[in-house]
Amino acid sequence: MIDQDEVWRFTVAMYGRDGVAKLCLELQERCGLDVNMLLFMFFLGQKGLAPHSVCSLEESVRDWRDNVIIPLRQTRRFMRDDPRPDVQELRQKVKSDELQAEQIEQHILCDAVEPIPSEDPFSAARAYLSPNRFDLEQDDCDQAVSRLIAMMGLLSAP
């Protein structure tokens, strides 16, 4: 069983490292990457694990992401440039709800994952961030994973 709190602490810590959020958000905007999913894959790798099926894991969160997280994100972004204080107050509430929805997505991932042992701590991240899933070249995927590994200061062996 994957510890949901440990996953969330890992996600928040890694996302907060210099450059990680910027690169993850660029990938999210560029090709629709799910930042939560990518960071979950890095977490699994650091535990010496990988998901049995990335596709089934994606499927487990698709409805939640499409019907809750993305609409909250769009609502928050819509209000970004509105100067009215009451709108900005509401935007902060939506931002908080979006963060809570992302944490729930991680709980779904923890419950849905069928972990298998992996000797390569980055195989899960590479399997997720691949040209098979996103409109990216292999070199772009490899560079993004390498940059994230360096920025996050992750270990090369569990």
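Look up: the structure comes first, before these words.
Source: prediction; values computed, not measured.

Enquirer: Which parts of the structure should I look at to understand the pattern of salt bridges?
Expert: If the charged atoms of two oppositely charged side chains come close together, the side chains can form a pair. Evaluated as defined, the whole model comprises 14 salt bridges. Glu58 serves as the salt-bridge partner of Arg133, at 2.8 Å between the closest nitrogen and oxygen. One end of the pair, Arg133, is in the loop between α6 (123–128) and α7 (138–152); the other, Glu58, is in helix α4 (residues 54–79), and 75 residues separate them in sequence. Judged by its relative accessible area of 25%, Arg133 falls in the partly exposed class. Residue class for Glu58 comes out buried when judged on its relative accessible area of 13%. Ionic pairing is found between Glu98 and Arg76, a salt bridge with its closest N-O pair at 2.4 Å.

Enquirer: How should I be thinking about the side chain of Glu105 in this particular structure?
Expert: You can see Glu105 is positioned in helix α5 (residues 85–112). Put simply, Glu105 is tucked away with no salt bridge, and the nearest opposite charge, on Arg65, sits 4.2 Å away. Sequence-distant contacts of Glu105, defined by excluding residues within four places in its chain, comprise Asp34, Asn36, Val61, Trp64, Arg65 and Ile69.

Enquirer: Explain helix α3 (residues 35–46) to me, please; I cannot follow it from the model alone.
Expert: One full turn of an α-helix is made of 3.6 residues, so residues set three or four places apart face in the same direction. Taking 1.5 Å per residue as the helical rise, α3 with its twelve residues ought to reach 16 Å, and the 17 Å between its terminal C-alpha atoms agrees with that figure. Summarising burial for α3: twelve of the twelve residues are buried, a large majority. Residues of α3 that are buried: Val35, Asn36, Met37, Leu38, Leu39, Phe40, Met41, Phe42, Phe43, Leu44, Gly45 and Gln46. At the N-terminal boundary of α3, the capping side chain belongs to Asp34, with an oxygen 2.9 Å from the backbone nitrogen of Asn36.

Here is what the cut-offs are and how they apply
- Residues numbered from 1 in each chain as written.
- Predicted model: local features only at pLDDT ≥ 70, side-chain atom pairs only at ≥ 80, totals over all residues.
- Heavy atoms only, no water.
- Salt bridge = Lys/Arg side-chain N within 4 Å of Asp/Glu carboxyl O.
- Helix = DSSP H or I, 4+ residues; strand = E, 2+ residues; numbered from the N terminus.
- Buried < 20%, exposed > 50% of the residue type's maximum accessible area, 1.4 Å probe, protein only.
- Lys, Arg positive; Asp, Glu negative; His and termini not counted.
- Contact = heavy atoms within 4.5 Å.
- Expected span 1.5 Å × (residues − 1).
- Polar contact = N/O pair within 3.5 Å; in protein donor to acceptor, adjacent residues only side chain to side chain.

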